[in-house]
Amino acid sequence: CPLGCALGAMQQGPGPPGPGPIVPREVMDAPTPIISYWYVGENNWNVCIQQMAETYRMITGDFSGQWSEEQRLIQESRGEKIKDKIYRESGGRLGEEYSPSTRTAKVKDIFQDPKFPPNSKSWFKGNEVPDYSTLQQPAMWRRLQEMVLDSPYPFSQPGIVPRAGRIYQGMLENFYLVAGMQAVAMKPWLIAQIFADMKFSNPSIGVYIMRFYKHGQWHQVVIDDAIPFDSAMNPLTARTEFWPSLPWPALVEKAYAKLHGSWEGLSGGGHVEEVMTDLTGGCSTRFGTADVAQDRLWQYMYFLQDMCLFGCNINDKECAKRRIPMEQHYASAIFRLAKHEGVPYVCVCMSAPLLAVARMPSCRVPMAEGYGVTEGFVWLRIDDFVQLFDTVYECRLVNSISLGNLSPGWIPGEPFFEEIYAFQGDVYTETSPSFLMEILDTPNELILEVTQTDLRYGDAHETPELARPMQAPLLLRFFQCSKDVSDAGGGEVYMVHMSAWGHTRDASLSVKVMRPGKYLAMVSIPAKYTCHRMIFRCYSTRPLVMKPITQHRSWISVNPSMPLNAIPYSLCGFQRVDALSEKLPQMFDEAEGRGKPMANAQLDLSGFAIGPGPGLPGLPGLPGLPGMPNLQLPGMPNLHLPDMPNVHLPNLPNIGKIPNPLTGLEDLSLDLQGYSYSAQMNNPGRLKAVGQFGGQGAVASVSAAEAQDANCCIA
């Protein structure tokens, strides 16, 4: 099985099997019997661990990782072939008879994955080089153990969150995966769970066994450590800023590619929230930063930060208005939320160039780890965050062994109660399910998710010229039922909450039930779409009784005459519709999640002109940096920056240390000799202004406020 896991061997209890039979169509050896009704599934985490242990035992039994010597035949050279031919044709009078010779070679007994080999069969869809593909083929494949043998991810320390590194995109158009890994990197213990704490991996023999959550089930994926490179020895995979140390993004990307059939299968864009679910087993969704008031947005994320992942998408248009050179393909995630001196702040980690991060309106907020702008971390006021980031991707970690609370309503020492229902047939408008719940134990927090088959599993030979397929837009709604509602005849229901509605694989929401009663979770699909198989998940802090209903019922949604007994507990579903193009369900964006291949922010200085002269435009907000003769950057020997001897950049040899954290460019100690944000540059009207704009404690005259750049200081 190309997935590297026995999908059919799932944990089974009495009755129908769990949702394990949902597998890629191209890897199904025989038709699976269709179960034409909703049945109860089970969490197969323990079974997956057993499978990983058995696979690891077999691999370590076959490969020792020891060095040995063996004799190898030296290939005959062209000259030797000619001499031998002359010798044979002349009857031994001329030329020289070829005598085979051998050499002693040192070889290491390591694992090589035969089901996902390091060649074009795994790199491209369909196991061959297609004529229509524009994806660059690797020039070579190298084993990771040739460069590093340490753990691929950092180990957590008590009280300190270690840096897992900022993630940069490789050759594939899979920024959505990079952004999802960036969010996971904010909680490194989640990376350890992907690798099962390295219990079933061995870098010395080049084997890594990871686990992913797909279609309601855990799957093991076995890979070796062969990584693709281009001719300049640059890795074509996702990587961290510490490459080749901490190579976990490259390994996760390879395992994720094997899970979907090929490396190329990950290209074409995608959705960040789907990756967050696959990597953690959580329930993910998205919402807009402008969909809710800023104070409620901060309060919401603050109380959920221990049990949630939050990724965020850069609003490049708003950044351009404030002369911040940011692009959407810089992966960003929320690291922490805190109040400092009564002001709410959001700490964001960004995989952007230092000069771009330094232009963010960063504030000084103390943090135990000491991370600052040089490491990609900026503390933003909530109003700045809402303006500079337009979308937040949220993942509730319901399937993770958390170091803290699972949810605000979680009771310490108590588990989350999980309900899984699966359906193997086709689901369309007339057969879209509803789930009637009777909740007696309150208050009860519910996290609900409905998912469909991932169409990225589709056969590449069916539609090779097309990009990623479009998923059916699923809408999940939660209702409070009136007293006369029954599963036989329906009745009046009152809507409490709804999920985000777009062309994504999953739809998720969260509610809190305050009083006992009957409640209804309803899945809706537009008439022209069909889902091939579906899974419904429910996680609750208290037990409940649930029954799936597939036959049409007369559910009548009415406006309530009194306050409801349940409240929304997530910010999804409040999508603003300001134009016809923003109507629901949200339009399918084929380019979403593609990003920019090989975008390495460590070397990306595009858009910046260092020093005077024609060519690239100057740094936004500056006329061009006038000279820095004493600054030398590794790998850039021809870069000379005159007249700026006081610049100090950290982590570069022979260069001093920058103040940490930075607060705009004023902390770069730039002596611009009259050029630094003077009234001549940004304030041609010479308006009087004092203080810092966009920073804590900003004070300015009203007339000057509109003329200033973020975080600048004008005398």
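This text goes with the structure placed above it.
Please read all numbers here as calculations on a predicted model, not as lab measurements. (Residues numbered from 1 in each chain as written. Predicted model: local features only at pLDDT ≥ 70, side-chain atom pairs only at ≥ 80, totals over all residues. Heavy atoms only, no water.)

Draft legend 1. Geometry of the side chain of Glu-449. With respect to the helices and strands, Glu-449 occurs in strand S18 (residues 444-452). Given a relative accessible area of 2%, Glu-449 falls into the buried group. A polar atom in the side chain of Glu-449 sits 2.5 Å from the side chain of Arg-537. (Helix = DSSP H or I, 4+ residues; strand = E, 2+ residues; numbered from the N terminus. Buried < 20%, exposed > 50% of the residue type's maximum accessible area, 1.4 Å probe, protein only. Polar contact = N/O pair within 3.5 Å; in protein donor to acceptor, adjacent residues only side chain to side chain.)

Draft legend 2. Fine view of the sheet that holds strand S11 (residues 308-314). Read across the sheet, six strands follow the order S10-S15-S11-S12-S13-S14 without closing on themselves; strand pairing throughout is antiparallel. Of all the strands in the sheet, just strand S10 (283-288) and strand S14 (377-381) have a single pairing partner and so form its edges. Across the sheet, the mean angle from the axis of one strand to that of its neighbour is 35°, orientation sign disregarded. Here strand S12 (residues 332-340) runs beside strand S13 (residues 343-350); their pairing, made up of eight bridges, is antiparallel. Directly across from His-340, in S13, lies its bridge partner Val-343. Packed onto the sheet, helix H8 (residues 294-304) meets S10, S11, S12, S13 and strand S15 (389-396) and runs at close to 100° relative to S12. (Pairing = 2+ DSSP bridges. Axes fitted to C-alpha atoms, helices over the stretch in contact; angles between N-to-C directions. Contact = heavy atoms within 4.5 Å.)

Draft legend 3. Region of the structure containing the pattern of salt bridges. Per the stated rule, a full pass over the model turns up 27 salt bridges. Salt-bridge contacts for Arg-88 lead to Asp-84; the nearest nitrogen and oxygen are separated by 3.0 Å. Note that Arg-88 and Asp-84 are positioned in helix H2 (residues 78-89) at a spacing of four residues, about one turn of the helix. The class for Arg-88 is exposed, based on a relative accessible area of 57%. We note a salt bridge from Lys-214 to Asp-278, for which the minimum N-O separation is 2.9 Å. Of the two residues, Lys-214 is situated in strand S6 (residues 207-214) and Asp-278 in helix H7 (residues 272-280); the sequence distance between them amounts to 64 residues. With relative accessibility at 1%, the residue Lys-214 sits in the buried group. Look at Asp-278 and you get buried, because its relative accessible area is 1%. (Salt bridge = Lys/Arg side-chain N within 4 Å of Asp/Glu carboxyl O.)

Draft legend 4. The arrangement of the environment of Leu-440 in detail. With respect to the element layout, Leu-440 can be found in the loop between strand S17 (434-439) and S18. Taking the C-alpha atoms as reference, Leu-440 lies 8.7 Å from Lys-518; in sequence the two are 78 residues apart.

Draft legend 5. Molecular detail of the pairing of S11. Judged by how many residues are buried, S11 sits mostly within the fold: seven of seven residues are covered. Here S11 shows two buried faces, one formed by Cys-308, Phe-310, Cys-312 and Ile-314 and the other by Leu-309, Gly-311 and Asn-313. The pairing of S11 with S15 spans seven bridges and is classified as antiparallel. Residue Leu-309 lies in a different strand from S15, and its bridge partner there is Cys-395. Two elements, S11 and S12, share two bridges in a ladder whose sense is antiparallel. The residue of S12 that forms the bridge with Gly-311 is Ala-333.

Draft legend 6. View of helix H4 (residues 175-184). With 10 of its 10 residues buried, H4 lies for the most part within the structure. The set of residues buried in H4 consists of Phe-175, Tyr-176, Leu-177, Val-178, Ala-179, Gly-180, Met-181, Gln-182, Ala-183 and Val-184.

Draft legend 7. Representation of the packing of aromatic side chains within the structure. If you walk through the whole model with that rule in mind, you get 25 aromatic pairs. Three or more aromatic residues link up through ring pairs in this structure, and these residues are Trp-38, Tyr-421, Phe-423, Phe-435 and Phe-536. Looking at Arg-142, its charged tip hangs above the ring of Phe-229, at a distance of 5.9 Å from the centre. (Phe/Tyr/Trp six-rings, centres within 6.5 Å; stacked < 30°, edge-to-face > 60°. Lys NZ or Arg CZ within 6 Å of the ring centre and 35° of its normal.)

Draft legend 8. Summary view of helix H6 (residues 248-259). With 12 residues, H6 should cover 16 Å at 1.5 Å per step; its first-to-last C-alpha distance of 16 Å lies within 8% of that length. Burial of H6 is extensive: 12 of the 12 residues sit out of reach of the surface. Just beyond H6, the residue with positive phi is Gly-261, at close to 100°. (Expected span 1.5 Å × (residues − 1).)

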